Amino acid sequence: MAVAARKGRTTASPHTSITTTAWPGSLDSWLSWIPLPKWALITVAVAGAILLLLFLICIIKCCCTKKKPKKKERIGLSAVSNPTTINLVQPEMEDLERAVEQKQRGKLQYSLEYNFRMQELKVGVKKAVELKAMDSGGTSDPYVIVYLTSDRKKRYETKVYRKTLNPIFNESFTFQVPQDEVSESTLVMQIYDFNRFSKHDIIGEVRLPLASVDLQHVIEQWSDLAVASKVEEEHLGEICFSLRYVPSTGKLTVLILEARQLKRMDSDGLSDPFVKVHLILNRKKWKKKRTSVKKNTLSPYFNEVFVFEVPFSQIQNVDVVISVWDHDKVTKNEPIGKLFLGCRATGNQLRHWSDMLSNPRRPLAQWHILQPPEVVDKALGLKSHLKLPLHSR
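Below: a short report on this structure. (Residues numbered from 1 in each chain as written. Predicted model: local features only at pLDDT ≥ 70, side-chain atom pairs only at ≥ 80, totals over all residues. Heavy atoms only, no water.)

### Details of a nonpolar patch on the surface
Step number 1: A cluster of nonpolar side chains, Ile 42, Val 46, Ile 50, Leu 51, Leu 53, Leu 54 and Ile 57, forms an exposed patch at the surface whose accessible area comes to about 670 Å².
Step number 2: Relative to the helices and strands, Ile 42 resides in helix 3 (residues 38-80). (Patch = residues over 30% accessible without salt bridge, like charges linked within 9 Å, V, L, I, M, F, W, Y side chains within 5 Å. Areas by Shrake-Rupley, 256 points an atom, 1.4 Å probe, with all protein chains shown as cover. Salt bridge = Lys/Arg side-chain N within 4 Å of Asp/Glu carboxyl O. Helix = DSSP H or I, 4+ residues; strand = E, 2+ residues; numbered from the N terminus.)

### Topic: the sheet that holds strand 16 (residues 364-369)
Step number 1: Spatially, 4 strands are ordered 13-10-9-16 in an open sheet, and the strand pairing comes out antiparallel. Strand pairing shows two members of the sheet lacking a second neighbour, strand 13 (301-309) and strand 16, which therefore form its edges. With strand direction ignored, the average angle separating the axes of adjacent strands in the sheet is 25°.
Step number 2: Sheet topology places strand 9 (residues 238-246) next to strand 10 (residues 251-260); 9 bridges connect them, and they run antiparallel. Among the inter-strand pairings, Ser 242 is bridged to a residue of strand 10, identified as Leu 255. (Pairing = 2+ DSSP bridges. Axes fitted to C-alpha atoms, helices over the stretch in contact; angles between N-to-C directions.)

### A few points about the pairing of strand 14 (residues 318-326)
Step number 1: Of all 9 residues making up strand 14, 9 are buried, and the element is well covered by its neighbours.
Step number 2: Residue alternation in strand 14 divides its side chains into two sets, Val 318, Val 320, Ile 322, Val 324 and Asp 326 and Asp 319, Val 321, Ser 323 and Trp 325, and both sets are buried.
Step number 3: Bridge count for strand 11 (residues 273-281) against strand 14 is 9 bridges, and the pairing is antiparallel. What sits directly across from Leu 281, in strand 14, is Val 318.
Step number 4: Direction of pairing for strand 14 relative to strand 15 (residues 334-341): antiparallel, over a ladder of 7 bridges. Along strand 15, the bridge assignment pairs Ile 322 with Leu 339. (Buried < 20%, exposed > 50% of the residue type's maximum accessible area, 1.4 Å probe, protein only.)

### As for the environment of Ser 248
Step number 1: Structurally, Ser 248 can be placed in the loop between strand 9 and strand 10.
Step number 2: Put simply, Ser 248 and Phe 312 are 64 residues apart on the chain and 7.7 Å apart in space, counted from C-alpha to C-alpha.

### Re the packing of aromatic side chains
One pair of aromatic rings is described through two measures. These are the centre distance and the angle between the planes.
Step number 1: Per the counting criterion, the structure on display carries 5 aromatic pairs.
Step number 2: Ring geometry for Tyr 156 against Phe 173: centres 5.1 Å apart, planes inclined by 20°, an arrangement best described as stacked. In this pair, Tyr 156 sits in strand 4 (residues 151-157) while Phe 173 sits in strand 5 (residues 168-176), placing the two residues 17 residues apart along the sequence.
Step number 3: Given a relative accessible area of 23%, Tyr 156 falls into the partly exposed group.
Step number 4: Judged by relative accessible area, Phe 173 falls into the buried class, the value being 7%.
Step number 5: Positioned above the aromatic ring of Trp 325 is the side chain of Lys 276, whose terminal nitrogen or guanidinium carbon lies 3.8 Å from the ring centre.
Step number 6: Positioned above the aromatic ring of Phe 274, the side-chain terminus of Arg 290 is 4.1 Å from the ring centre. (Phe/Tyr/Trp six-rings, centres within 6.5 Å; stacked < 30°, edge-to-face > 60°. Lys NZ or Arg CZ within 6 Å of the ring centre and 35° of its normal.)

### Describing the environment of Glu 258
Step number 1: Here Glu 258 is to be found in strand 10.
Step number 2: Glu 258 sits in the partly exposed class, given a relative accessible area of 31%.
Step number 3: Sequence separation between Glu 258 and Pro 300 is 42 residues; the distance between their C-alpha atoms is 5.7 Å.

Listed below in structure tokens is the structure:
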């Protein structure tokens, strides 16, 4: 009866919805099982389709980009197999590297003035900017060497400016150049980085053929520094020595340490070098000493010390001449190169001398480049083959 009553109640309710359990046989019946509104389902479907489309595009793009390099590599390798192609391609990279290196060297400002009546060329070294840093601290110690290719033996040097990439020189130098030789000469201005205990590094240079310059007017201009030319004058070698002066006792100590890369003077490609140390007082020959001879070497080690008595009242009038010679038992000894220090010196020699006077009792060692003997003798006012006296005390 309860069951019948329950059934009667059920059938008697016309507004009661009848729920049927059926397997999803269509899209509507399948969607009816998901507890989300229809707009949310559509959004999810669209987003999934977009993601799938993007994934397919990425796969296609990756496949295409992988195939293209393989084709290029095959073509490149077949071309590189030809040595002619290598020679044609490689210089282009070198040119690019050289162009980048060129930009980093800096610029030099200079002036030119030619006196037709006196036949003199006056070269003014003004200043440099944005020089290449040669030292570990990001700076350089620049100075300029100026000479003409028509007379390489006559060279001028500016002062050394410490720890700067924008030095202001404002120095001028005069060359005697006959008018008929002007067109055949090239002015060379090289900027070096000063190093006390090692070879001076060249930062860059300016080479100006005078034939391309209108010397009727005074010229002042800027030029980019270029890589230094490998074709240079003969290298005579370098020498390292120490200077020490004690004003109270009037003792000047010269310690000859070593030399390197000396010019070959003998037929076997070597030399038998020794060093002479001369003192000149008031342009007159005064004292002289010499080291022992080192056989068959271009890089001799001496480590020999010489002490001269020079009163403090005369130190400003003394020139110290350091000369390297090749010993020969049969013929006359030949000079390899020279340099001199003193208040009349220039460039690195003057700097070394000034440092010695500024630091009494302290030995200061430095490398120097040897110069042609006749150039040094001319600067000292001596004749090329004039012998200095042997007495040293």
